[in-house]
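Overview (structure and organization)
Residue strings, one per chain:
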Amino acid sequence: MRSSNPVFSRRGFSRDNGYAGFNAAPQAGAPAAGTNPYAQGTAPNPYATNPYAPTGAPAPARTGAMSIDDVVTRTAMTLGTVVLGAALAWALLPVDEANLNKSYGIAIGAALIAFVLSMVQSFKRKPVPALILAYAAFEGVFLGVISSAVSTYIGPGVVMQAVMGTMCVFAGVLLAYKMRWIRVTRRFYGFVMAAAMGFLLLMVVNLLFAAFGGGDGLGFRSGGLGILFGVIGIILGACFLALDFKQVEDGIAYGAPREESWLAAFGLTMTLVWIYLEMLRLLSILSGDD
């Protein structure tokens, strides 16, 4: 299972690496829908002990299979590391005028390290817990400095509002997914990935214009366009949460190994960080317009 996030591709559960998903090759006599757990139809179970078992049969109980408790525990550990890193950075890296450049430099360095670690994990076939927790720690340092700066220069309530907003998005998407108001299909997946790639491309172009032309580039990070793209970013994050929930559901249904819960936690953490940053930026713009 490849972690879920707005930057890296998804591999899902495929038989070539032991999990059923987008890359799965159809077995002889299996329906085409079996190659993709998001497709309509009944997928064959790669963990069934009986090769002649009917397609779509639930995975037999076995030792070491991933459970929802494993996902919750690993996600709590990963998010807890992010929060701890953020709290330490907030306390130890002040963003006053005397230390602003130093704190921002450390934050940017931490963000780059977190990005590299996430890239390394994304290309590994199996999760490395130490790598994932290290990513969470450095990501927390970045978030701590950025949140402290927003609290100092925009308003002390913006950070808490962003945290609450992120929690509300998570709870809302989870409820919608459990009630089947959101149905994750191949078309949904393709639309989300295309929209995310377009969104990221626009952000990169805006960053380049800002770096070489000064100001806010094309204006995607402030004003009316900033508000619009902030809302779009949060909606994209919500869509990625739905894809995360689908991958967790498929992993449990197919009897994926327990270690895969670390990748589920990794994906959920990256998506929640994305939503929090977009929420923080949107609220900062709105507070600045008051």
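That block above? That's the structure.
What counts, and at which threshold
- Residues numbered from 1 in each chain as written.
- Predicted model: local features only at pLDDT ≥ 70, side-chain atom pairs only at ≥ 80, totals over all residues.
- Heavy atoms only, no water.
- Helix = DSSP H or I, 4+ residues; strand = E, 2+ residues; numbered from the N terminus.
- Buried < 20%, exposed > 50% of the residue type's maximum accessible area, 1.4 Å probe, protein only.
- Contact = heavy atoms within 4.5 Å.
- Areas by Shrake-Rupley, 256 points an atom, 1.4 Å probe, with all protein chains shown as cover.
- Phe/Tyr/Trp six-rings, centres within 6.5 Å; stacked < 30°, edge-to-face > 60°.
- Lys NZ or Arg CZ within 6 Å of the ring centre and 35° of its normal.
- 1 Å grid on protein atoms, 1.4 Å probe; cavity = no way out; pocket = protein on both sides within 12 Å on 5 of 7 lines; lining within 4 Å.
- Points joined across faces, edges and corners; volume = space filled by probe spheres on them.
- Axes fitted to C-alpha atoms, helices over the stretch in contact; angles between N-to-C directions.
- Left-handed = near helix turned anticlockwise from the far one by under 90°.
- Nonpolar A, V, L, I, M, F, W, Y, C, P; charged D, E, K, R; others polar.
- Core = buried A, V, L, I, M, F, W, Y, C linked by side-chain atoms within 4.5 Å.
- Parallel < 35°, antiparallel > 145°, perpendicular 65-115°, else oblique.
- Patch = residues over 30% accessible without salt bridge, like charges linked within 9 Å, V, L, I, M, F, W, Y side chains within 5 Å.
- Salt bridge = Lys/Arg side-chain N within 4 Å of Asp/Glu carboxyl O.

1. Topic: the overall build of the protein
Helix and strand counts for the protein stand at seven helices and zero strands. Across the 290 residues that make up the protein, the buried fraction comes to 48%. A separation threshold of at least 6 residues defines the contact pool for the protein, and within that pool the share at least 24 residues apart is 72%. Within the structure as shown, the protein displays about 14000 Å² of accessible surface, and the carbon and sulfur contribution to it stands at 69%.

2. Things to note about the side chain of S103
Within the secondary structure, S103 sits in helix α2 (residues 100-122). Classification of S103 by relative accessible area gives buried; the value is 2%. If sequence neighbours within four positions are ignored, S103 has contacts with L93, P94, V95 and V145.

3. Observations concerning the packing of aromatic side chains
The full count for this structure, using the stated rule, is five aromatic pairs. Aromatic side chains F170 and F245 sit 5.6 Å apart centroid to centroid with 80° between the ring planes, which places their arrangement in the edge-to-face category. Here F170, found in helix α4 (residues 156-178), pairs with F245, found in helix α6 (residues 223-253); they are 75 residues apart in sequence, far enough to count as distant. Taking relative accessible area as the criterion, F170 reaches 28% and is therefore assigned partly exposed. A residue is classified by how much of its surface remains accessible, and F245, at 9% relative accessible area, is buried. Members of the aromatic cluster, each reached through a chain of ring pairs, are F170, Y177 and F245. Its guanidinium or amino end placed over the ring of Y177, R180 lies 5.1 Å from that ring's centre, counting from NZ or CZ.

4. Digging into the layout of surface pockets
One number sums up the size of the second largest pocket: a volume of about 840 Å³. Element by element, the count of residues in the lining of the second largest pocket is highest for helix α1 (residues 68-92), at 10 residues.

5. Some thoughts on unusual backbone geometry
One non-glycine residue, R180, adopts positive backbone phi at about 65°. Along the chain, R180 turns up in the loop between α4 and α5 (186-213). R180 sits in the partly exposed class, given a relative accessible area of 40%.

6. A closer look at the packing of α2 against helix α3 (residues 129-153)
Where α2 contacts α3, the two axes come as close as 8 Å, and the packing angle between them is 150°. Crossing angle aside, the handedness with which α2 passes α3 is left-handed. Looking at side-chain class alone, the contact of α2 with α3 contains 20 nonpolar, three polar and one charged residues.

7. Quick word on the nonpolar core
One finds Y135, V169, V173, F188, L241, L243 and L280 to be the most contacted residues of the largest nonpolar core, which totals 60 residues. When residues of this core are traced back to their parent elements, those giving at least two are α1, α2, α3, α4, α5, α6 and α7 (260-289). Ranked by residues supplied to this core, first place goes to α7 with 15 residues. Residue contacts for Y135: discarding those within four places in its chain leaves A114, L117, S118, F266, T269, M270 and V273.

8. Points about the packing of α4 against α6
Between α4 and α6, whose axes approach to 10 Å, the crossing angle comes to 50°. The orientation of α4 with respect to α6, classified from their angle, is oblique. Of the two elements, α4 crosses α6, and the hand of that crossing is right-handed. Here V169, F170, V173, L174 and Y177 of α4 lie close against α6, whose contacting residues are I234, A238, L241, A242, F245, K246 and E249. In the contact of α4 with α6, the residues fall into 10 nonpolar, no polar and two charged.

9. Structural notes on a nonpolar patch on the surface
On the surface, M160, V163, M164 and M167 cluster together into a nonpolar patch covering about 380 Å² of accessible area. With respect to the secondary-structure elements, M164 resides in helix α4.

10. Considering the environment of P257
Within the element layout of this structure, P257 appears in the loop between α6 and α7. Separated by 193 residues in sequence, P257 and G64 place their C-alpha atoms 5.9 Å apart.

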